[in-house]
Amino acid sequence: MRKISMLMVISSTIILLTGCQFGNDQNEESITLYSERHYDTDQMLYDLFEETYGIQVNVISDEADKLISRLQNEGSDTEADLLMIADAGRLERAKSLDLFQSVESEILNEQIPESYRDEQGFWYGLTKRARVFVYHPDRVQISDLSTYEDLTHPKWKGRIVTRSATNIYTQSLMASMIAIKGEQEARLWAEGLVANFARDPQGNDRDQAKAVVSGIADLAIMNTYYIGRMLHSSDPYEVEVAQTIRIFFPNQDTTGTHVNVSGAGVTKYAKNKENAMKLLEFLSSEVAQRAFADANFEYPVNPDVAPNALLSSWGTFVAQDMILSNLGIHSSKATLILNEIGWK
Ligand SMILES: [Fe+2]
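Remember, predicted model here, so these are calculated numbers, not experimental data.

Procedures and definitions
Residues numbered from 1 in each chain as written. Predicted model: local features only at pLDDT ≥ 70, side-chain atom pairs only at ≥ 80, totals over all residues. Heavy atoms only, no water. Helix = DSSP H or I, 4+ residues; strand = E, 2+ residues; numbered from the N terminus. Contact = heavy atoms within 4.5 Å. Areas by Shrake-Rupley, 256 points an atom, 1.4 Å probe, with all protein chains shown as cover. Lys, Arg positive; Asp, Glu negative; His and termini not counted. Charge placed at Lys NZ, Arg CZ, Asp CG, Glu CD. Donors = N, O, S within 2.8 Å, 3.2 Å for Na, K, Ca; no water. Buried < 20%, exposed > 50% of the residue type's maximum accessible area, 1.4 Å probe, protein only. Pairing = 2+ DSSP bridges. Salt bridge = Lys/Arg side-chain N within 4 Å of Asp/Glu carboxyl O. Axes fitted to C-alpha atoms, helices over the stretch in contact; angles between N-to-C directions. Parallel < 35°, antiparallel > 145°, perpendicular 65-115°, else oblique. Left-handed = near helix turned anticlockwise from the far one by under 90°. Core = buried A, V, L, I, M, F, W, Y, C linked by side-chain atoms within 4.5 Å. Domains from an automatic or database assignment. Phe/Tyr/Trp six-rings, centres within 6.5 Å; stacked < 30°, edge-to-face > 60°. Lys NZ or Arg CZ within 6 Å of the ring centre and 35° of its normal.

### Section: the overall build of the chain
(1) Moving on: Helix and strand counts for the chain stand at 14 helices and nine strands.
(2) Moving on: Dimensions along the principal axes, computed over C-alpha positions, put the chain at roughly 90 × 40 × 30 Å.
(3) Moving on: Put simply, 76% of the contacts in the chain that link residues at least 6 apart link residues at least 24 apart.
(4) Moving on: Accessible area of the chain: about 15700 Å², with a carbon and sulfur share of 50%.
(5) Moving on: Here the chain contributes 31 positive and 48 negative side-chain charges, whose respective centroids are spaced 4 Å apart.

If you want it as structure tokens, here you go:
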């Protein structure tokens, strides 16, 4: 009897001191996610995850490169169990900086196609985006459009805008061209494209669409999800821009449109590895994929899940046939060539 009441005193003291109960230990039943995403609908999924598995998700949001630096600085002291960032090129960079650990799971391998995850399990793609053409329908006919390569033709002189060489999307597109065409051909392609720029690359993807509508250029290369984001923007001009432009998936009869992912990996020093894997499995499941991708107007990576009505209205498309982790192999060469040929 005495023993039992002593135990009760000890356990209530622990509850008072730590603010948590046995079976709900902070270390075992929560995970910390470093994420560049910050969408309200994500929180609903994390709440559902917590209800289902009893694991709380603590989210720390910041820009991708800041989260990468933070993980580097924190080393083994980090609280982060998962790092979630956009672009396979950036995920590969985090891998090469030794920030991830390899994890294997049958569920992940079933739910995420091989092309969209690291083959050693250092990171897993969760949403997919395409780098497409957007054009002004008054100045460009759909019959004028075909491939990324065609944009080097003199008929496009002074008509094209896209992002700078320092941007990861540009670097990954170039890395994909090196993978497909080889270094020499890819260099000639980039030179030809730069020769047709309407201006020195500047601004983000939305600024490229705005340049098309304002008449600076006729065609922009940009990521699909920005069109969805602009259509739902609180800025009426962005809505007008997105309603004016048209979208085209290049290389449909040849090598496919460049796609990329946003994704996540379990950190090297994760203190809650199993729970972090459970969250990855949950976010790639049929239950979560549609909502998770929809939050940023992206395509689900899980082939069993259809995209939303807006994305479906653009039709299906053929993507580059490429293991995205291979982009990492070519990324430093891509950056070097872009600098050499004067892609600003
Ligand atoms: Fe983006």
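Now that the structure is up, let's keep going.
### Here we look at the coordination of the iron ion
(1) Moving on: For the iron ion, the protein coordination sphere consists of Tyr-169 (OH), Tyr-225 (OH) and Tyr-226 (OH), at 1.9 to 2.0 Å.
(2) Moving on: For the iron ion, the single-chain donor residues occur in sequence as Y-x55-Y-Y. One end of the pair, Tyr-169, is in helix H6 (residues 168-181); the other, Tyr-226, is in helix H9 (residues 225-231), with 57 residues separating them in the sequence. Each member of the pair, Tyr-169 as well as Tyr-226, is classed as buried.

### What to know about the pairing of strand S8 (residues 259-266)
(1) Moving on: Most of S8 sits inside the fold, with eight of its eight residues counted as buried.
(2) Moving on: Judged by which residues are buried, S8 turns out to be covered on both faces: Val-259, Val-261, Gly-263 and Gly-265 on one side and Asn-260, Ser-262, Ala-264 and Val-266 on the other are all buried.
(3) Moving on: Examined bridge by bridge, strand S3 (residues 82-86) and S8 share five bridges and lie antiparallel to one another. Each bridged residue has a counterpart across the sheet, and for Leu-83 the counterpart in S8 is Gly-265.
(4) Moving on: Where strand S4 (residues 124-135) meets S8, six bridges bridge the pair, whose relative direction is antiparallel. For Tyr-124, the partnering residue across the bridge sits in S8 and is Ala-264.

### Here we look at the pattern of salt bridges
(1) Moving on: Considering all chains together, one arrives at 21 salt bridges under this definition.
(2) Moving on: Taking the shortest distance from any N to any O, the salt bridge between Arg-90 and Glu-36 comes out at 3.8 Å. With Arg-90 in helix H4 (residues 88-96) and Glu-36 in the loop between strand S1 (30-35) and helix H2 (40-53), the pair connects residues that are 54 residues apart, well separated along the chain.
(3) Moving on: Accessibility expressed as a relative area gives 12% for Arg-90, which makes it buried.
(4) Moving on: Across the pair Asp-98 and Lys-268 runs a salt bridge, and its minimum N-O distance is 2.8 Å.

### With respect to the packing of helix H7 (residues 183-195) against helix H14 (residues 327-340)
(1) Moving on: Relative orientation of the contacting elements H7 and H14 amounts to 40 degrees, with a least axis distance of 10 Å. The angle between the axes of H7 and H14 places the two elements in the oblique class. As for how H7 packs across H14, the hand of that crossing is right-handed. In contact with Glu-183, Arg-187 and Ala-190 of H7, H14 contributes Lys-333, Ile-337, Leu-338 and Glu-340.

### Describing the nonpolar core
(1) Moving on: Counting 100 residues, the largest nonpolar core has Leu-82, Leu-83, Met-174, Trp-189, Leu-279, Leu-283 and Trp-343 as its most contacted members.
(2) Moving on: Shared between two domains, this core takes at least three residues from each, and those domains are domain 1 (2-127 + 262-307) and domain 2 (129-258 + 319-340).
(3) Moving on: If sequence neighbours within four positions are ignored, Leu-83 has contacts with Tyr-34, Leu-67, Ile-68, Leu-71, Ala-94, Phe-100, Gly-263, Ala-264, Gly-265 and Thr-267.

### A short note on the packing of aromatic side chains
(1) Moving on: Evaluation of the coordinates by the stated rule reveals ten aromatic pairs.
(2) Moving on: Here the aromatic rings of Phe-49 and Phe-282 are separated by 5.4 Å at their centres, their planes lie at 50 degrees, and the arrangement is tilted. Taken together, the residues Phe-49 in helix H2 and Phe-282 in helix H11 (residues 273-283) connect sequence positions 233 residues apart.
(3) Moving on: Note on Tyr-53 and Phe-282: the rings are 6.5 Å apart at their centroids and 80 degrees apart in plane angle, and the pair reads as edge-to-face. A residue pair is termed long-range when its members are at least 10 positions apart, and Tyr-53 in helix H2 and Phe-282 in helix H11 qualify at 229 residues.
(4) Moving on: Using a relative accessible area of 41% as the deciding quantity, one classes Tyr-53 as partly exposed.
(5) Moving on: Three or more aromatic residues joined by ring pairs form one cluster here, namely Phe-49, Tyr-53 and Phe-282.
(6) Moving on: Its end group placed over the ring of Phe-292, Arg-37 keeps NZ or CZ at 3.6 Å from the ring centre.

### Some words on unusual backbone geometry
(1) Moving on: Non-glycine residue Asp-98 carries a positive phi angle of around 65 degrees.
(2) Moving on: Within the element layout of this structure, Asp-98 appears in the loop between H4 and helix H5 (106-111).
(3) Moving on: Despite not being glycine, Asn-251 has its phi angle at roughly 60 degrees, a positive value.
(4) Moving on: Note on placement: Asn-251 falls in the loop between strand S7 (246-248) and S8.

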